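Letter by letter, the chains look like this.
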Amino acid sequence: MAEITAHTRLNERFRGYYPVVIDVETGGFNAQTDALLEIAAVTLKMDQEGWLLPDQTFHFHVSPFEGANLEPAALAFTGIDPFSALRGAVTEAEALTQIFKGVRKGLKAAGCQRAIVVAHNAAFDHGFVMAAAERAEIKRNPFHPFATFDTATLAGLALGQTVLAKACKTAGLDFDNKEAHSALYDTSKTAELFCSIVNRWKALGGWPLPPDDGDFPVK
């Protein structure tokens with residue numbers, strides 16, 4: 001059995017942050033005015049050899065908050081009917097309360113200090129999560145108020161691609177365009193992509209960090 005060391009513990013990998021992959025589907029681009037319609041979250045874990053893996057998944061269809069704006073173009077893009085009874089939608093408060101509860105549990109188990117949103121074009125998803133939490137008056141938000149890990153940026157660096165589908169395919173991951181723009185599917189693929197990039201960096205010898213021997217010039 002591999003020895004658990006500082007380099008194979010999640011709380012040592014990202015400066016104490018607990019990464020949680022998030023994707024949202026919405027009624028527009030403005031987090032303050034437009035409806036949050038679907039949200040999924042995937043927590044992550046490390047195995048005993050330090051490889052990053054998806055862990056738990058949370059997924060909710062969400063009812064538009066009172067007075068929410070619904071852009072027809074956004075609904076046409078996602079194919080979501082916000083008022084369909086078949087969605088089994090819950091309120092923003094219900095969805096976030098359950099996700100935050102699961103995140104706090106995982107955060108504590110991993111010995112991390114704070115959760116951080118991982119998403120593709122992360123500012124968008126982070127903004128909707130924070131706005132919804134504020135509307136729902138949720139006091140115990142486990143996520144950092146502004147820091148994120150953006151897989152579009154990471155994929156651009158590691159794979160030369162910034163579009164989720166193209167980045168996944170370049171990384172050797174399956175991606176079904178017919179399933180895209182579902183929060184559950186996109187979150188699952190984003191989690192796979194993030195783990196793939198982090199693990200590739202480890203496999204190439206980038207983690208754990210080599211000792212500083214002064215070989216790198218300071219500019």
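The preceding data block contains the structure.
Within each chain, residue numbers correspond to sequence positions counted from 1 in written order. This being a predicted model, a pLDDT of at least 70 is required before a residue's local features are given, and a value of 80 or more before pairs of side-chain atoms are given or counted; all residues contribute to the totals for chains, interfaces and linings. For side-chain calculations, the full set of non-hydrogen atoms in the structure is used, while hydrogens and water are omitted.

Visitor: Would you mind going over the packing of helix H3 (residues 92-110) against helix H4 (residues 122-135) with me for this structure?
Guide: The description of two helices packed together rests on the angle between their axes and the distance between the axes. Two numbers describe how H3 lies on H4: the axes approach to 9 Å, and their chain directions differ by 115 degrees. The orientation of H3 with respect to H4, classified from their angle, is roughly perpendicular. For the crossing formed where H3 meets H4, the hand is left-handed. In this structure, H3 uses Glu 92, Leu 96 and Phe 100 to contact H4, whose residues at the interface are Val 129, Ala 132, Ala 133 and Arg 135. Any residue that is not Ala, Val, Leu, Ile, Met, Phe, Trp, Tyr, Cys, Pro, Asp, Glu, Lys or Arg is counted as polar, Gly included; the first ten are nonpolar and the last four charged. Classifying every residue of the contact of H3 with H4 gives 5 nonpolar, no polar and 2 charged. Interaxial angles span 0 to 180 degrees and are taken between N-to-C directions of axes, which are lines fitted to C-alpha atoms, for helices over the stretch in contact. Under the DSSP-based scheme used, a helix requires at least four consecutive residues in state H or I and a strand at least two consecutive residues in state E, with every element numbered from the N terminus. Small angles under 35 degrees read as roughly parallel and large ones over 145 as roughly antiparallel, with 65 to 115 read as roughly perpendicular and the rest as oblique. Helix crossings get a hand from a simple test, with the near helix turned counterclockwise from the far one by less than a right angle marking a left-handed crossing and a clockwise turn marking a right-handed one. By definition, residues are in contact when any of their heavy atoms lie within 4.5 Å.

Visitor: Any chance you could explain the nonpolar core here in plain terms?
Guide: A general trend in soluble globular proteins is that nonpolar side chains are found buried together. Core analysis: the largest hydrophobic core is formed by 46 residues, its most contacted members being Ile 22, Ile 39, Leu 52 and Phe 143. Residue assignment for this core shows that the elements contributing at least two residues are strand E1 (17-26), strand E2 (36-46), strand E3 (52-61), H3, strand E4 (114-119), H4, strand E5 (143-150) and helix H7 (183-203). A total of 7 residues in this core trace back to one element, the largest contributor, which is H4. Sequence-distant contacts of Phe 143, that is, excluding residues within four places in its chain, are made with Val 20, Ile 22, Phe 100, Val 103, Arg 114, Ala 115, Ile 116, Val 117 and Met 130. Residue types Ala, Val, Leu, Ile, Met, Phe, Trp, Tyr and Cys, when buried and joined through side-chain atoms within 4.5 Å, form a set referred to as a nonpolar core. The cut-offs for exposure are 20% and 50% of the maximum accessible area for each residue type, with area from a 1.4 Å probe on protein chains only; residues under the lower value are buried, those over the upper are exposed, and the others partly exposed. Among the nonpolar cores identified, the runner-up in size contains 13 residues, and Ala 155, Ala 167, Ala 180 and Ile 197 belong to it.

Visitor: I would appreciate a short explanation of the sheet that holds E2 in the present structure.
Guide: Two pairing modes exist for strands in a sheet, parallel and antiparallel, and in both the strands are linked by backbone hydrogen bonds. Two strands are said to pair when DSSP picks up at least two bridges between them. Overall, mixed pairing links the 5 strands, which are arranged E3-E2-E1-E4-E5 in an open sheet. Each edge of the open sheet is held by one strand with a lone partner, namely E3 and E5. Sheet twist, expressed as the average angle between the axes of neighbouring strands with direction ignored, equals 30 degrees. As paired strands, E1 and E4 are joined by 5 bridges and run parallel to one another.

Such coordinate-based values are descriptive only and should not be taken to indicate function.
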